[in-house]
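What follows is the residue order along each chain.
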Amino acid sequence: MTTAGPLDGSAPLAVTVVVSRRPAPGREADLTAWAEGITRAAEAFDGHLGAHIYPPSPPERDDLIIAFSFSDAATLSAWESSPERAHWLAKSEPLKEGAPRTHAVSGFEGIFAPSVHATSNPPPRW
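Residues numbered from 1 in each chain as written. Predicted model: local features only at pLDDT ≥ 70, side-chain atom pairs only at ≥ 80, totals over all residues. Heavy atoms only, no water.

Here's the deal with the packing of aromatic side chains
Here comes step 1: The full count for this structure, using the stated rule, is two aromatic pairs.
Here comes step 2: Ring geometry for phenylalanine 45 and tryptophan 79: centres 4.9 Å apart, planes at 75°, overall edge-to-face. Taken together, the residues span a long stretch of sequence, with phenylalanine 45 in the loop between helix 1 (28–43) and strand 2 (48–54) and tryptophan 79 in helix 2 (residues 73–80) at a distance of 34 residues.
Here comes step 3: Take phenylalanine 45: its relative accessible area is 24%, and that puts it in the partly exposed class.
Here comes step 4: On the accessibility criterion, tryptophan 79 (2% relative accessible area) is buried.
Here comes step 5: With 6.2 Å between their ring centres and 40° between their planes, phenylalanine 68 and tryptophan 79 make a pair best called tilted. (Phe/Tyr/Trp six-rings, centres within 6.5 Å; stacked < 30°, edge-to-face > 60°. Helix = DSSP H or I, 4+ residues; strand = E, 2+ residues; numbered from the N terminus. Buried < 20%, exposed > 50% of the residue type's maximum accessible area, 1.4 Å probe, protein only.)

Next comes the structure, spelled out in structure tokens:
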């Protein structure tokens, strides 16, 4: 019996990138509106599978979280290097504090990857 699909390496695995941005004081609603705009812009790119926005939810989470999913690493890379994305990132500058934090996962690696750092703190709820 043969298996076809991602498990035999014949097809690329979907990639999800999670980005965390801290809103500047008083700019929470503006940053959420920006997130809605950049996710709409990403929808126009080949390979885009979807996006989810998680607005700040104090006191549990002060950051805005966006999860972008693409069909494979190549389509994600095309989005990440696009002028459209660069335009939207520039628009976010006055709305956020500090550098964004980014985490990318493809396939099952995020589930099975060993922890690089031992920690006693639980991971963020998002």
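With respect to unusual backbone geometry
Here comes step 1: In this structure, proline 59 follows proline 58 across a cis peptide bond, with omega equal to 5°.
Here comes step 2: As for its placement among the helices and strands, proline 59 is situated in the loop between strand 2 and strand 3 (64–70).

Some words on the packing of helix 1 against helix 3 (residues 83–92)
Here comes step 1: As a packed pair, helix 1 and helix 3 sit with axes 10 Å apart at the nearest point and diverge in direction by 175°. Taken together, the axis directions place helix 1 and helix 3 in an arrangement best described as roughly antiparallel. Along its contact with helix 1, which presents Trp34, Gly37, Ile38 and Ala41, the element helix 3 presents Glu84, Trp88, Leu89, Lys91 and Ser92.
Here comes step 2: Among the residues forming the contact of helix 1 with helix 3, the class breakdown is five nonpolar, two polar and two charged. (Axes fitted to C-alpha atoms, helices over the stretch in contact; angles between N-to-C directions. Parallel < 35°, antiparallel > 145°, perpendicular 65-115°, else oblique. Contact = heavy atoms within 4.5 Å. Nonpolar A, V, L, I, M, F, W, Y, C, P; charged D, E, K, R; others polar.)

Notes on helix 2
Owing to its 3.6 residues per turn, the α-helix aligns residues three or four sequence positions apart on the same side.
Here comes step 1: Within helix 2, the full set of buried residues consists of Thr75, Leu76 and Trp79. One side of helix 2 holds all its buried residues, which, seen down the axis, span an arc of 100°. When the buried face of helix 2 is taken as reference, the exposed residues oriented beyond 90 degrees from it are Ala73 and Ala74.
Here comes step 2: Next to the buried residues of helix 2 lie strand 1 (15–23), helix 1, strand 3 and helix 3.
Here comes step 3: With a side-chain oxygen lying 3.1 Å from the backbone nitrogen of alanine 74, the N-terminal cap of helix 2 falls on aspartate 72. (Arc of directions from axis to C-beta. Polar contact = N/O pair within 3.5 Å; in protein donor to acceptor, adjacent residues only side chain to side chain.)

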